[in-house]
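Remarks on the overall topology
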Amino acid sequence: MGLYNSGEIELNDPPVFEMEQKVRLRKMIRNDGTFPGKEIGETLAKKGDVGYVVGIGTYLQSYYIYAVHFLENGYVVGCRRKELVSMDEPFVDDTDDEEIVETSLQESQV
(Lines give C-alpha, C1' and ligand atoms only; values in the text may rest on other atoms or scores of the structure.)
Protein backbone atom coordinates (compact mmCIF):
# COMPACT_ATOMS: atom_id res chain seq x y z
CA MET A 1 0.00 0.00 0.00
CA GLY A 2 1.21 3.52 -0.74
CA LEU A 3 1.33 6.57 1.48
CA TYR A 4 -2.41 7.11 1.40
CA ASN A 5 -4.71 5.09 3.66
CA SER A 6 -8.32 6.14 3.11
CA GLY A 7 -9.32 4.96 6.61
CA GLU A 8 -6.82 7.23 8.35
CA ILE A 9 -7.43 10.98 8.37
CA GLU A 10 -5.17 12.70 10.87
CA LEU A 11 -6.57 16.14 10.06
CA ASN A 12 -9.73 15.31 12.02
CA ASP A 13 -7.60 15.80 15.16
CA PRO A 14 -5.09 18.48 16.14
CA PRO A 15 -1.40 17.87 15.33
CA VAL A 16 0.36 15.48 17.70
CA PHE A 17 3.54 17.60 17.78
CA GLU A 18 3.84 21.34 18.35
CA MET A 19 6.09 23.98 16.84
CA GLU A 20 9.59 23.99 18.37
CA GLN A 21 8.97 20.62 20.03
CA LYS A 22 12.05 18.41 20.35
CA VAL A 23 11.52 15.04 18.63
CA ARG A 24 13.48 11.89 17.80
CA LEU A 25 13.34 10.02 14.49
CA ARG A 26 12.03 6.43 14.61
CA LYS A 27 13.04 5.47 11.05
CA MET A 28 15.78 6.30 8.58
CA ILE A 29 14.74 8.96 6.08
CA ARG A 30 16.13 8.89 2.53
CA ASN A 31 15.68 11.35 -0.29
CA ASP A 32 12.79 10.40 -2.55
CA GLY A 33 13.88 12.99 -5.10
CA THR A 34 12.25 16.04 -3.51
CA PHE A 35 15.24 17.16 -1.44
CA PRO A 36 17.41 19.49 -3.54
CA GLY A 37 21.12 18.88 -3.92
CA LYS A 38 21.06 15.26 -2.73
CA GLU A 39 20.93 12.06 -4.75
CA ILE A 40 17.77 9.93 -4.72
CA GLY A 41 18.17 7.33 -1.99
CA GLU A 42 20.77 9.33 -0.07
CA THR A 43 20.24 9.29 3.70
CA LEU A 44 18.89 12.57 5.06
CA ALA A 45 18.44 11.55 8.70
CA LYS A 46 19.08 8.37 10.68
CA LYS A 47 16.96 6.50 13.18
CA GLY A 48 17.51 8.13 16.58
CA ASP A 49 18.46 11.57 15.24
CA VAL A 50 17.08 14.48 17.27
CA GLY A 51 15.49 17.59 15.79
CA TYR A 52 12.94 20.36 16.33
CA VAL A 53 9.58 20.84 14.64
CA VAL A 54 9.86 24.05 12.61
CA GLY A 55 6.72 23.73 10.49
CA ILE A 56 3.47 21.81 10.24
CA GLY A 57 1.85 21.20 6.88
CA THR A 58 -0.55 18.70 5.36
CA TYR A 59 -0.42 16.02 2.68
CA LEU A 60 -3.30 14.61 0.61
CA GLN A 61 -5.79 16.44 2.85
CA SER A 62 -5.33 13.56 5.30
CA TYR A 63 -1.96 13.69 7.04
CA TYR A 64 0.13 16.17 8.96
CA ILE A 65 3.69 16.59 7.74
CA TYR A 66 6.10 17.90 10.35
CA ALA A 67 9.09 19.84 9.05
CA VAL A 68 11.87 18.80 11.43
CA HIS A 69 15.19 20.63 11.59
CA PHE A 70 17.93 18.15 12.41
CA LEU A 71 20.68 20.31 13.89
CA GLU A 72 23.46 17.74 13.49
CA ASN A 73 23.29 17.79 9.68
CA GLY A 74 21.36 21.06 9.23
CA TYR A 75 18.61 19.50 7.11
CA VAL A 76 14.92 20.28 7.37
CA VAL A 77 13.05 17.10 6.50
CA GLY A 78 9.32 16.39 6.26
CA CYS A 79 8.21 13.57 8.57
CA ARG A 80 4.94 11.77 9.28
CA ARG A 81 3.65 11.26 12.82
CA LYS A 82 4.58 7.56 12.79
CA GLU A 83 8.20 8.46 11.99
CA LEU A 84 8.63 10.62 15.10
CA VAL A 85 8.50 10.34 18.87
CA SER A 86 8.52 13.17 21.39
CA MET A 87 11.65 13.54 23.47
CA ASP A 88 9.32 13.49 26.51
CA GLU A 89 8.53 9.84 25.74
CA PRO A 90 11.02 7.00 26.11
CA PHE A 91 12.59 5.96 22.82
CA VAL A 92 11.72 2.35 22.09
CA ASP A 93 13.25 0.93 18.92
CA ASP A 94 10.21 -1.00 17.69
CA THR A 95 10.74 -0.43 13.98
CA ASP A 96 12.13 -2.93 11.53
CA ASP A 97 15.65 -1.97 10.47
CA GLU A 98 14.96 -3.37 7.00
CA GLU A 99 12.07 -0.96 6.48
CA ILE A 100 13.44 2.24 4.99
CA VAL A 101 11.15 5.19 4.59
CA GLU A 102 11.82 7.26 1.50
CA THR A 103 10.28 10.63 2.16
CA SER A 104 11.49 14.16 2.37
CA LEU A 105 10.19 17.67 2.14
CA GLN A 106 11.80 20.90 1.15
CA GLU A 107 11.58 23.58 3.82
CA SER A 108 9.66 25.80 1.41
CA GLN A 109 6.88 23.23 1.01
CA VAL A 110 5.73 23.39 4.65
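Residues numbered from 1 in each chain as written. Predicted model: local features only at pLDDT ≥ 70, side-chain atom pairs only at ≥ 80, totals over all residues. Heavy atoms only, no water.

**Things to note about the sheet that holds strand β5 (residues 63-70)**
Our working rule: Note: two strands are recorded as paired if DSSP finds a minimum of 2 bridges between them. Counting from the N terminus, the helices are DSSP H or I runs at least four residues long and the strands are E runs at least two residues long. Axis definition: a line fitted to C-alpha atoms, limited for helices to the stretch in contact. Angles are taken between N-to-C directions and run from 0 to 180 degrees.
Spatially, β6-β5-β4-β1-β7 is the arrangement adopted by the five strands of the open sheet, whose pairing is antiparallel. Of all strands in the sheet, those bounded by a partner on one side alone are β6 (75-79) and β7 (84-86). Strand-to-strand twist across the sheet, computed as the mean angle between neighbouring axes with direction ignored, equals 45 degrees. By the bridge criterion, three bridges tie strand β1 (residues 22-25) to β7 in an arrangement that is antiparallel. Looking at β7, one finds that Arg24 is bridged to Val85.

**Description of the nonpolar core**
Defined as follows: Throughout this description, the term nonpolar core refers to a set of buried Ala, Val, Leu, Ile, Met, Phe, Trp, Tyr and Cys residues connected via side-chain atoms within 4.5 Å. Note on classification: 1.4 Å probe, protein chains only; a residue is buried when its accessible area is under 20% of the maximum for its type, exposed when over 50%, partly exposed between these limits.
One finds Leu25, Tyr66, Val68, Phe70, Val77, Cys79 and Leu84 to be the most contacted residues of the largest nonpolar core, which totals 16 residues. Residue contributions to this core peak at four residues, all from β5.

**Digging into the packing of aromatic side chains**
We apply this condition: Stacked, edge-to-face and tilted labels apply to pairs of Phe, Tyr and Trp rings (six-membered ring for Trp) whose centres lie within 6.5 Å, assigned for plane angles under 30 degrees, over 60, and everything in between, in that order. Only Lys NZ and Arg CZ are tested; either one counts as a charge over a ring when it is within 6 Å of the ring centre and within 35 degrees of the ring normal.
In the structure shown here, the tally under the stated rule is three aromatic pairs. Ring centres of Phe17 and Tyr66 lie 5.1 Å apart, and the angle between their planes is 85 degrees; this geometry places the pair in the edge-to-face category. You can see Phe17 sitting in the segment before β1 and its partner Tyr66 sitting in strand β5, a full 49 residues away along the chain. No difference in accessibility class separates Phe17 from Tyr66, as the two residues are buried. Seen from their ring centres, Phe35 and Tyr75 are 5.1 Å apart, and the 65 degrees between their planes marks the pair as edge-to-face. With Phe35 in the loop between β2 (29-30) and β3 (43-45) and Tyr75 in strand β6, this pair connects stretches of sequence that are 40 residues apart. For Phe35, a relative accessible area of 11% puts it in the buried group. Positioned over the ring face of Tyr63 is Arg80, at 3.6 Å from the centre of the ring.

As far as function goes, none of this settles anything; it's purely spatial.
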